Amino acid sequence: MTNPIRVIDSHTGGEPTRIVISGGPDLGGGTVLEQMQVFNEKFDEFRRAIVNEPRGWDAMVGALLVPSEHPDCDHGIIFFNNVGSLWMCGHGTIGLGVTLKYLGQADYGKQKIESPVGVIEYSLLDDSTVELTNVPSYRFRKSVEIDVAGYGPATGDIAWGGNWFFLMSDHGQDVHVRNVQQLTQYCTAVTESLRDSGITGEDGKEIDHIELFAPTDNPAADSKNFVLCPGLQYDRSPCGTGTSAKVACLLADGVLEPGQVWRQESIVGSVFEGSAQWTADGTRCIPTIRGTAFVTADANLILQDADPLRFGIER
Ligand code: PYC
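Worth saying up front: this structure is predicted, and the values here are computed from it rather than measured.

Moving on, we come to the pairing of strand β15 (residues 271-278). The side chains of a regular strand alternate, residue by residue, between the two faces of the sheet. Of the strand pairs in this sheet, strand β14 (residues 262-265) and β15 are connected by four bridges, and their pairing is antiparallel. Note on β15: the bridge partner recorded for R263 is E273. Here β14 hands over to β15 after five residues, with G269 in that stretch at a positive phi of 100 degrees. Hairpin connection, β15 to strand β16 (residues 285-301): the antiparallel pair is bridged by six residues, and G282 has positive phi, about 70 degrees.

Below, the structure is given as structure tokens:
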């Protein structure tokens, strides 16, 4: 039997995060991007053991704290889900702040942490509220036309918010939690259309998050979204990297002024507050996302040698 793996579970606006506190693999140092590559190549069983069934479940996002050699950071972080690593994760960073507070390891004030796509900052504002300052974000292409098989033509913007997003307001879908199955099918068809047409992020990377927007009845929000993540799970939270991509587009369109707050509601009704400031050269913006998270479990995961599914069900 391997040593127990201590994890703290939390949820951020309904979206779960499982942070590995001890018992994680040694990835050999280097940048967090290099460590993520080692994690992907050599420790996929570990990833599956943490987040996949029967110990985890499909919507679970895992996080591994790793050493950082960055002069401004004490730690790095690698996020992963049911099918692989994520470049970044906003709801997970909010979960991290609340988890460290629960462990008595968080200070108020800004903390920097290295992600595979750059240094991010988070501040604990109270026991459950965290503000994340994300990596530079931007809209790469506006009003990209696609043909969604079985649905017809549609348009969307391609934007980077720490992950690549296709953001759509013109989709003909009823964005309501009772329609999760239909929304998942539609977003899957959008992903396939992007892939078949060779439409990617600026760096050639796959656009693996699809974000649908709709008006909301909630007076505490400006818009409601549905975000489909790689691995075919929808984000129960408004998605931190997705809200970053959204505020980058709104800033580019002049709909949002620098510093003005955008309140993004998720498909389950939770809300993130996002805003952004232009970088000095005006080509990118720095989003700030505020949300709340709550600890749900403090557990030791056990992998018994005789258990044929100790490393999780492969998807
Ligand atoms: O909050 O950035 C986010 C996120 C990405 C995937 C799931 N949540």
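We now examine the layout of surface pockets. Size it by volume and the largest pocket reaches roughly 260 Å³. Together, L65, D72, D74, H75, L100, Q105, A106, D107, Q111, K112, I113 and Y122 line the largest pocket. Among the elements that take part in the lining of the largest pocket, strand β6 (residues 109-115) stands out by supplying three residues, more than any other. Looking at the lining of the largest pocket, its residues break down into five nonpolar, three polar and four charged.

Counted under the stated rule, the structure contains one cavity of 30 Å³ or more. Its volume calculated, the largest cavity comes out at about 140 Å³. E15, V61, L86, H91 and C229 are, among the 21 residues lining the largest cavity, the residues nearest its centre. For the lining of the largest cavity, the secondary-structure elements that each account for two or more residues are α3 (90-102) and α5 (240-253). In the lining of the largest cavity, the residues fall into nine nonpolar, nine polar and three charged.

Rules of the game
Residues numbered from 1 in each chain as written. Predicted model: local features only at pLDDT ≥ 70, side-chain atom pairs only at ≥ 80, totals over all residues. Heavy atoms only, no water. Pairing = 2+ DSSP bridges. Helix = DSSP H or I, 4+ residues; strand = E, 2+ residues; numbered from the N terminus. 1 Å grid on protein atoms, 1.4 Å probe; cavity = no way out; pocket = protein on both sides within 12 Å on 5 of 7 lines; lining within 4 Å. Points joined across faces, edges and corners; volume = space filled by probe spheres on them. Nonpolar A, V, L, I, M, F, W, Y, C, P; charged D, E, K, R; others polar.

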